[in-house]
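Observations on chain architecture
So you can see what is in the structure, the chains are spelled out below.
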Amino acid sequence: MNDQLDYDELKSTLHHLNTDDTISSAHGILCGFACVKPDLNLDDWLNEVLVSIDLSNLNEKSAHEALAQIFNDTLSQLNDATLDFQLLIADEDARLGEQANTLIEWCQGYLVGLGLQKISTSDEDALEMIKDFSEISQLDAELLDTEQNAQDLNEIIEFVRMGTLLIQETLQPSKQDYISPETLH
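In this text the structure is predicted, and so the values were computed from the model without any measurement.

Reading guide: rules and limits
Per chain, residue numbering runs from 1 following the sequence as it is written. Local features in this predicted model are restricted to residues of pLDDT 70 or higher, and side-chain atom pairs are both shown and tallied only at a pLDDT of 80 or more, whereas totals for entire chains, interfaces and linings draw on every residue. The side-chain figures draw on all heavy atoms in the structure; neither hydrogens nor water molecules are used. Where helices and strands are cited, they refer to DSSP runs of H or I of at least four residues and of E of at least two residues respectively, numbered from the N terminus. Expected span of a helix: the number of residues minus one, times 1.5 Å. Only protein chains enter the area calculation, which uses a 1.4 Å probe; residues under 20% of their type maximum are buried, those over 50% are exposed, and those in between are partly exposed. Only protein atoms enter the 1 Å grid used here. Points where a 1.4 Å probe fits but cannot escape make up a cavity, open sets with protein on both sides within 12 Å along at least five of seven lines make up a pocket, and a residue lines them when an atom lies within 4 Å of a point. Grid points are joined across faces, edges and corners, and a volume is the space filled by probe spheres set on the points. Basically, the charged four are Asp, Glu, Lys and Arg, the nonpolar ten are Ala, Val, Leu, Ile, Met, Phe, Trp, Tyr, Cys and Pro, and anything else, Gly included, counts as polar. Between the N-to-C directions of two axes lies an angle of 0 to 180 degrees, each axis being a line fitted to C-alpha atoms and, for a helix, fitted only over the stretch in contact. We call two directions roughly parallel when the angle between them is under 35 degrees, roughly antiparallel when it is over 145, roughly perpendicular when it lies between 65 and 115, and oblique otherwise. Put simply, a crossing is left-handed when the front helix is turned counterclockwise from the back one by less than a right angle, and right-handed when it is turned clockwise. The contact definition used throughout considers only heavy atoms, calling two residues in contact when any of these lie within 4.5 Å. Stacked, tilted and edge-to-face pairs are distinguished by plane angle, under 30 degrees for stacked and over 60 for edge-to-face with tilted covering the rest, among Phe, Tyr and Trp rings (Trp via its six-membered ring) whose centres lie within 6.5 Å. When a carboxyl oxygen of Asp or Glu lies within 4 Å of a side-chain nitrogen of Lys or Arg, that pair is called a salt bridge. In protein, a polar contact requires one atom able to donate a hydrogen and another able to accept it; more generally it is a pair of N or O atoms within 3.5 Å, and residues adjacent in sequence count only if both atoms are side-chain atoms.

Time to look at helix 2 (residues 23-36). For helix 2, which comprises 14 residues, the first-to-last C-alpha distance of 20 Å matches the rise-based estimate of 20 Å (1.5 Å per residue) to within 8%. With 14 of 14 residues buried, helix 2 lies mostly within the body of the structure.

Here it is in C-alpha cells:
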C-alpha cells in the first residue's frame, strides 16, 4: 500500500488554517472518530478540527486538499487487510522528545475522536486499550526523551498502532472475514 503519510511533510499543514490542533492531534481525532462513526465523511472531521476555512485563500485551499488526502489515506489504511496503518507522528529521524510529544498529542486527539460518538462495547480488551491510551496521553514527553527510552517509545508506538486497529475492529467488525451462513450449507 502506498498511502503512507509523511509527518515532516504534513506537520505545517494546519499552520495556515484556523485551528489549535497539531497534525498529530488532528490525525488522532480522525482515527478515533473513524472507529466510532462508520459513515464518517471529510466534513465531519474538518468540523471538529477547524474553526473555519476560506477556500478562496490559496494557502487554505492547499491545506484543505492535504487534509482531504490525509482523510482518504487514513481511512484506507484503517481498512487495509494487511494492517498497514501508521500513526501520523514524528518518525525515528526526529528527536525522541518530538516523537514522544507527537505520540501524546495523537493519543489525546484519538480520545477526543472516540468521545465524539457514544462508544457501545463491553469488550474488555477494547475498553482496556482505551484506558491505556488515556494513560499514554498523560505521559511526560521529557521522561521519554532519553536514549535508553528509545526502545520503550518504539514499543509504545507499536502498541498504540495495533491497539487502534483492535479498537476499530471491535467497534466496527470488518466485513472481509464474514462468511454468510448460507455459504456454509
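Computed from the structure, the second largest pocket encloses a volume of approximately 300 Å³. What lines the second largest pocket is a set of 16 residues, and nearest its centre among them are Gln86, Leu87, Ile89, Ala90 and Asp91. Of the residues forming the lining of the second largest pocket, the biggest block, four residues, is contributed by helix 7 (residues 150-171). By residue class, the composition of the lining of the second largest pocket is seven nonpolar, four polar and five charged.

A word on the packing of helix 6 (residues 124-136) against helix 7. Where helix 6 contacts helix 7, the two axes come as close as 9 Å, and the packing angle between them is 140°. Considered as vectors, helix 6 and helix 7 are oriented oblique to each other. Considering only the axes of helix 6 and helix 7, their crossing is left-handed. Packed against helix 6, whose contacting residues are Asp125, Ala126, Met129, Ile130, Asp132, Phe133 and Ile136, the element helix 7 presents Ile156, Phe159, Val160, Gly163, Thr164, Leu166, Ile167 and Thr170 at the interface. The residue inventory of the contact of helix 6 with helix 7, partitioned by class, reads ten nonpolar, three polar and two charged.

Bringing the packing of aromatic side chains into the picture now. Within this structure, the stated rule accounts for three aromatic pairs. Seen in terms of ring centroids, tryptophan 106 and tyrosine 110 are 5.1 Å apart; in terms of plane orientation they differ by 15°. Their pairing is stacked. Placement of both tryptophan 106 and tyrosine 110 in helix 5 (residues 96-115) is noted, with a separation of four residues, approximately one turn of the helix. A residue is classified by how much of its surface remains accessible, and tryptophan 106, at 0% relative accessible area, is buried. Assessed through its relative accessible area of 0%, tyrosine 110 is described here as buried.

For the rest of this paragraph, the subject is the packing of helix 2 against helix 5. Taken N-terminus to C-terminus, the directions of helix 2 and helix 5 make an angle of 35°; their axes are 6 Å apart at the nearest point. With respect to the hand of their crossing, helix 2 and helix 5 are arranged in right-handed fashion. Note on element contacts: helix 5 touches helix 2 through Thr102, Glu105, Trp106, Gly109, Tyr110, Val112, Gly113 and Leu114, opposite Ser24, Ser25, His27, Gly28, Ile29, Cys31, Gly32, Phe33, Cys35 and Val36. Of the residues belonging to the contact of helix 2 with helix 5, the class tally is nine nonpolar, eight polar and one charged.

For the structure on display, the rule yields six salt bridges. The salt bridge involving lysine 11 is made with glutamate 98; its shortest N-O contact spans 3.7 Å. Highlighted residues: lysine 11 in the loop between helix 1 (7-10) and helix 2 and glutamate 98 in helix 5, separated in sequence by 87 residues. Of the charged contacts, one joins aspartate 39 and lysine 37 as a salt bridge, the two residues approaching to 3.2 Å between their closest N and O atoms. Among the residues examined, aspartate 39 registers a relative accessible area of 54% and is labelled exposed. Several salt bridges share partner residues, and in doing so they unite Asp8, Lys11 and Glu98 into one network.

The next point concerns the side chain of glutamine 172. Position of glutamine 172 relative to the elements: it lies in the segment after helix 7. For glutamine 172, a relative accessible area of 19% puts it in the buried group. A distance of 2.5 Å separates a polar side-chain atom of glutamine 172 from the backbone oxygen of alanine 34. Apart from residues lying up to four places away in sequence, glutamine 172 is in contact with Ala34, Cys35, Val36, Lys37 and Pro38.

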